[in-house]
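Chain residues, written in single-letter form:
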Amino acid sequence: MMWVDRLNDHRHNVSSVVSLCMVALIWLMTQSILPMQRSLPDEPLELSLLTPEPIRPLMQPPPPPVQPPKPVLTPSKPTPALPVPPPVWAAPSAVVPATLPPAPATPSEPAKSEITRSNQSAPAVPQAVVEPAKNVPPPSSASIEAAYVSSVRALLNANKRYPTGRESSLQRPAGKAMVWFVLNRNGTLHEAGIEDSSNSILLDNAALATVRRTSYTPWPEGSWPGQSQHRFTVTLDFVPLN
Amino acid sequence: MKRFKPQRLALLVSMAFSAPLLMAQTSTDVGRINVEGQPGGTDSGLITQEETPKARSSVTRQYMEKLNPTSNAFQIIDLLPGVNTFSQDATGLFGGGIRMRGFAGDQLGMTINGAPVNDSGSFSVYPQEYTDTENLCEVFVTQGSTDSDAPHVGASGGNIGMVTCSPKDSFGVRASQSVGQLNYRRSFVRLDTGKVGPSDLKAFISYSKATADKFKGAGGADRNHVDMAVEVRPNADVFLSASVLYNNAMNNNIRSLTNPQIAQYGRNFDFSTVAPQHLTAVAGTAQTETVPADGFYKFNINPFRNYLFTSKAEFKVNKDLTLSAEPYYWYGFGTGGGQIQQLTEGGTGTNVTRLKDLNGDGDTLDKVLAYGSSVTETNRPGVTFKANYRVDNHTINAGYWYERANHRQTGPRVAFDNNGNSSNTWLDNPSAYLLRPDGLAYQARDWKTISTGSSLYAQDTIALMNDKLMLQIGGRNSNIDRDFTNYANAQSTSATGRSDADYNIKRSYGKFLPSAGVKFNLDTQKSVFFNVAENFKAPGNFSFQNLLQGGTVVNGVLTGATLRNPAVGIETSTNMDLGYRMQTDTTTLSGSVFLVNYKNRIASAFDPATALSVDYNVGDVTVKGIELEAGQKLNKNFSLYGSMSYTESMMKQDLKLRASTATDSGVEATAGKSMPDTPKWMAAMALSYKEGPWFGQLTAKYTGKAFSTLVNDQQMDSYTLLNLAAGYKFPSTGFFKTPEVRLNVDNLTNTDYQRISSPSGSQFTVRALPLGTLAGSNPSYYIGAPRFVSVTLRSDF
């Protein structure tokens, strides 16, 4: 066990080296902390008063795709009877093939532009999302509002705090506080208050503080038409760590 | 002048009334958000997202669950900024010391569930007496400014709070078993009733037994502990809770050593294992039994039992007003220090100093060894009444704390045999006490102190600018009345201070202590804060000992003595913090610069009025520095915590110890020197890991060099301690729910270090080395415990 003795002889150096390594690690970390972007927790949305309509697609579903033309062939005719994949509405990037098929050697004929565009874009559907068809109807205000409510919720989630301080540490309160707040169209907070008390002043204050400290984004176009202010409510359910 | 148009007014009024209706019709519910604990940056359990406008840190269960389960409160907060602690051994069963920003444990207020647990006489704290870590949910530290609503009259340097967990909502049993080096064994079991009945009553009770050998020398620790708690909520507006902790410990002391002793005998030198032997008694011969130089380990023990009852009754008057009453009761009994005492039979002084024939040889000519030390028994009931009131943007906390501590301190002696067994180890059986010639028990100390503490406080927290700005203004008027009775005893019979006659002295100490804090949120993640608060500490009751002077003994009774006026007053401190915090979902950072003006430090010094060296207010100290802490969630597996403290302390005055003579000024040059035991640099790191069933934690604490004497002529070297915890959670099977096994390695690299015993006041060693006519005295050090390995198995049922 010579190595144990040798290690023991150098234990002070070892502990110093390990400490230095940890200090270096935290320094490196601080370098990575500085540019860190705030990320918003993505918790499941719970809506009780508002039942949003299903979000309509921003584009028409593409026609049934056909097999892409073989790159080396002249695209004289579209091949009609081919297996039809399920329609793609708004394909996430994950479905994009890692390698795109090579572009056709010659462009498609203008008369067949719809099909040809579809053929070309089938492996890269997001392009179609970026360039919606001109005749797509605008999204409904309900869906825009639902998206905004979702973003408000995410912002509140990012700014929530369980109360701290001596009294909070001693009480470790639990309860639900419902807060009402009114936002202006530009996203500024007009007013806020307690709708339904948690039975704890500490929690009510923490809930109000969460709503007040949050910076909200302006309302998107088309939401709550005709209103310059809108009233929201949110319930914060506080549970101490046990 | 414009013409008044009633139509416009009608329109305005109708709009005003209809607006809420319209508003209500268009209200949108954002949904429910769970606020459970703290986000990722706090994953280590060593940092929380503080909102308070003062320096404050806390430790949560996430960290405590990975520690050795016998860890005491000081070990739990060791990594926090500004905290300088040591433990006498790795298990934490033997206790330890603490210092924050230069202030020792007896200058810090300590509470459990809001009830004060500092010794009511000396303000000392004994961390090994308190709750089991499994039942602890949080330990928080306020580094400089004692909280306005904290029940303290001895906290000049901040406060520490321990909070036990509530009983669980569902029925369950938890059991754990730990084994380790040094015959370490610990068994723990806890039963939770879960919610029962219409009032959701829930309760738990736990029991633990822990034993371990000392890492050097013979002897060990034996601790039995019970925690229980109950909560009930009869309706939404009433909440009742109560808890009891009971601790019974029997420890052998770990011997502290001076540097020359370490050099001569080594670091593992400890008390002797050879029992002191009585001489064969011979009638008519003056015999002298001498105290063995290295003592005897069985007669260096610290038996102590204590319990603490805390309770709370909270009433919600309306949504803006809550009232509560929080009664508590502390009881403690025990002894400590070295128990081998040499007693002299007979005597010519006052009756209380004389002894009967102890060895039974028929004469009173002998000096005989006996077993005994100071015994303390405390009965300490108290209550805090609180009111929390919210009006507009103000949240007002006001309250009143009151307690009456009966502190009985005696010094009985009992016999022991040649096998090293005393006739009454706990010194709690008066029939075993050695007697004086008048048939009463001999007492080397006999005091009763009634300490009545009270504090009236109010604090207003004002939210401004949509909660961007928080102002906190508070004040407390804290008082303590000391009613000290000295029953004639044998402690001291010198002409300059004696205690062999009864006397009573009453003193009151009090001060109004204002505090103010402000916090400004720079944005949703960053804030700055500033705080200033005054703290105070009353003198300990030991300042009232040996107050008699002069007098003569006539027929065994002291006559003509005068009572000295204790000149010592309160010590105060003004603490200022200027800090910055950043809180994101992955990062939590907090830092502050601080300045403490510490005034009228109490220490043993020369009092020119009485020409005696007694407890005295010796001067001022400034302490300033920086404290930083940060928690970072690196990814889903790793979290990192780091803290750093830089502390600069300086005593401002020299210390006059004696009257001046032609060759001795009696002055020690302490002006400009650093406070002992206050390292300039400390740093700590904790890297925690979890991946599926695996979890682990590596911590490191660097403690810079610090002086061990007031004149800074001896120092303790810097050192770094590494502790490791690693564990695995098994899948539930059969009766076992989430069983886990955990390995703990303390002092991983087996680092050598040594610490003085976190002294304060007159406990400091003034000078280690002689200088001219100034005598030196080597300070004693606790030896750092070596590497210690333990394994814990735990499961729920």
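Analysis parameters
- Residues numbered from 1 in each chain as written.
- Chains lettered and ligands numbered in written order.
- Predicted model: local features only at pLDDT ≥ 70, side-chain atom pairs only at ≥ 80, totals over all residues.
- Heavy atoms only, no water.
- Helix = DSSP H or I, 4+ residues; strand = E, 2+ residues; numbered from the N terminus.
- Buried < 20%, exposed > 50% of the residue type's maximum accessible area, 1.4 Å probe, protein only.
- Contact = heavy atoms within 4.5 Å.
- Areas by Shrake-Rupley, 256 points an atom, 1.4 Å probe, with all protein chains shown as cover.
- Polar contact = N/O pair within 3.5 Å; in protein donor to acceptor, adjacent residues only side chain to side chain.
- Buried area = accessible area lost by both parts, 1.4 Å probe.
- Salt bridge = Lys/Arg side-chain N within 4 Å of Asp/Glu carboxyl O.
- Pairing = 2+ DSSP bridges.
- Phe/Tyr/Trp six-rings, centres within 6.5 Å; stacked < 30°, edge-to-face > 60°.
- Disulfide = S-S within 2.5 Å.
- Patch = residues over 30% accessible without salt bridge, like charges linked within 9 Å, V, L, I, M, F, W, Y side chains within 5 Å.
- pLDDT = per-residue confidence, 0-100.

Chemist: How do you make sense of the overall build of chain A when you look at a structure like this?
Modeler: Assigned secondary structure in chain A consists of seven helices and three strands. From first element to last, N terminus to C terminus, chain A shows the α and β order α-α-α-α-α-α-β-β-α-β. Looking at chain A residue by residue over its 242 residues, the buried ones come to 36%. Pairs at least 24 apart in sequence give 75% of the contacts found in chain A among residues at least 6 apart. Carbon together with sulfur atoms contributes 63% to the accessible area of chain A, which is approximately 14200 Å² in total.

Chemist: Looking at this structure, I do not really get the side chain of B:Gln287. What am I missing?
Modeler: Residue and element names in this part refer to chain B. By secondary structure assignment, the location of Gln287 is in the loop between α4 (259-265) and β16 (301-318). Side-chain polar atoms of Gln287 contact the backbone nitrogen of Val282, separated by 3.0 Å. The contacts of Gln287, once residues within four sequence positions are left out, are Leu279, Thr280, Ala281, Val282, Asn359, Asp361, Leu365, Asp366 and Lys367.

Chemist: Would you take a moment to explain the interface of chain A and chain B for this structure?
Modeler: Frequently, the measure chosen for interface size is the accessible area removed from exposure when the parts meet. On the side of chain B, 74 residues touch chain A, which itself brings 71 residues to the contact. For the pairing of chain A and chain B, the buried interface totals around 6600 Å² over both sides, and the portion due to carbon and sulfur atoms is 53%. Run the count over chain A and chain B and you get nine salt bridges. Across the pair B:Arg32 and A:Asp237 runs a salt bridge whose closest N-O atoms are separated by 4.0 Å. The tally of links between chain A and chain B comes to 30 residue pairs in polar contact (both at pLDDT 80 or more).

Chemist: Explain the pairing of strand β36 (residues 638-651) of chain B to me, please; I cannot follow it from the model alone.
Modeler: On a regular strand, each side chain points to the face opposite its neighbour's, so the side chains alternate between the two faces of the sheet. Residue and element names in this part refer to chain B. Buried residues dominate β36, accounting for ten of its 14 residues. Counting the residues between successive antiparallel strands, the hairpin from strand β35 (residues 612-633) to β36 contains four residues. Relative to strand β39 (residues 681-691), β36 runs antiparallel, the two sharing nine bridges. Paired with Leu640 across the strands is Leu687, a residue of β39.

Chemist: Got a minute to help me understand the packing of aromatic side chains in this structure?
Modeler: Two aromatic rings are characterised by how far apart their centres lie and by the angle between their planes. For the structure on display, the rule yields 26 aromatic pairs over all chains. Between B:Tyr307 and B:Tyr331, the ring centres sit 5.4 Å apart and the planes meet at 25°, which makes this aromatic pair stacked. Taken together, the residues span a long stretch of sequence, with B:Tyr307 in strand β16 and B:Tyr331 in strand β17 (residues 321-335) at a distance of 24 residues. Plain terms: the ring middles of B:Phe484 and B:Phe544 are 5.8 Å apart, the flat faces sit at 55° to each other, and that makes the pair tilted. Taken together, the residues span a long stretch of sequence, with B:Phe484 in strand β24 (residues 469-486) and B:Phe544 in the loop between β28 (526-537) and β29 (548-549) at a distance of 60 residues. For B:Phe484, a relative accessible area of 0% puts it in the buried group. Take B:Phe544: its relative accessible area is 1%, and that puts it in the buried class. Put simply, the rings of A:Tyr148, A:Phe181, A:Tyr216, A:Trp219, A:Trp224 and A:Phe232 touch in pairs and so form one group of aromatic residues.

Chemist: Is there a simple way to think about the state of the cysteines in this case?
Modeler: All names here are of chain B. By the definition in use, this model includes one disulfide over all chains. Covalently, Cys137 is tied to Cys165 through a disulfide, its sulfur atoms 2.1 Å apart. Measuring the twist about the S-S bond at about 110°, one finds the Cys137-Cys165 disulfide to be right-handed. Remark: Cys165 occurs in the loop between β10 (159-164) and β11 (172-180) and Cys137 occurs in strand β8 (residues 136-142); sequence separation between them is 28 residues. Cys165 gets classed as buried once you look at its relative accessible area, which sits at 6%.

Chemist: What should I look at first to understand the sheet that holds strand β4 (residues 96-100) of chain B in this one?
Modeler: Strand pairing within a sheet occurs via backbone hydrogen bonds; the two strands may be parallel or antiparallel. All names here are of chain B. Within the open sheet, the three strands sit side by side as β3-β4-β5. Their pairing is antiparallel. Of all the strands in the sheet, just β3 (83-87) and β5 (103-104) have a single pairing partner and so form its edges. Of the strand pairs in this sheet, β3 and β4 are connected by five bridges, and their pairing is antiparallel. Within the sheet, the bridge partner assigned to Asn84 lies in β4 and is Arg99.

Chemist: Quick question: what am I supposed to make of a nonpolar patch on the surface here?
Modeler: All names here are of chain B. A surface patch of nonpolar side chains, amounting to about 390 Å² of accessible area, comprises Phe530, Leu578, Val593, Ile626 and Leu628. By the element assignment, Ile626 lies in strand β35. The exposure class assigned to Ile626 is partly exposed, which follows from its relative accessible area of 34%.

Chemist: So what exactly am I meant to see when it comes to unusual backbone geometry here?
Modeler: Glycine aside, residues mostly have negative phi angles, and peptide bonds mostly take the trans form. All names here are of chain B. Residue Phe123 is not a glycine yet carries a positive backbone phi of 70°. Looking at where Phe123 falls in the secondary structure, it is placed in the loop between β7 (115-116) and β8. Look at Asp677: it is not a glycine, yet its phi comes out positive at around 65°. The topology assignment puts Asp677 in the loop between β38 (667-668) and β39. The exposure class of Asp677 is buried, given its relative accessible area of 3%.

Chemist: Is there a simple way to explain the confidence of the model for chain B in this structure?
Modeler: Regions with low pLDDT should not have their predicted coordinates read in detail. Residue and element names in this part refer to chain B. The pLDDT averaged across chain B works out to 91; a share of 96% of its residues lies at or above 70. Note that residues 9-25 has pLDDT below 50 and, in this model, four contacts with residues that lie over four places away or in other chains. Scoring of the predicted complex yields 0.83 for pTM and 0.82 for ipTM.

Chemist: Explain the pattern of salt bridges here, please?
Modeler: Side chains that carry opposite charge are capable of pairing whenever their charged atoms lie near each other. Residue and element names in this part refer to chain B. The tally for this structure, following the rule as stated, stands at 51 salt bridges over all chains. The partner of Lys690 in a salt bridge is Asp43, and the shortest N-O contact between them spans 3.7 Å. Linking Lys690 in strand β39 with Asp43 in the loop between β1 (28-36) and β2 (57-60), this pair joins segments that are 647 residues apart in sequence. Under the relative-accessibility criterion, Lys690 is labelled partly exposed at 42%. Classification of Asp43 by relative accessible area gives buried; the value is 14%. A salt bridge links Glu534 to Lys511; the nearest nitrogen and oxygen atoms lie 3.7 Å apart. Remark: Lys511 occurs in strand β27 (residues 503-521) and Glu534 occurs in strand β28; sequence separation between them is 23 residues.

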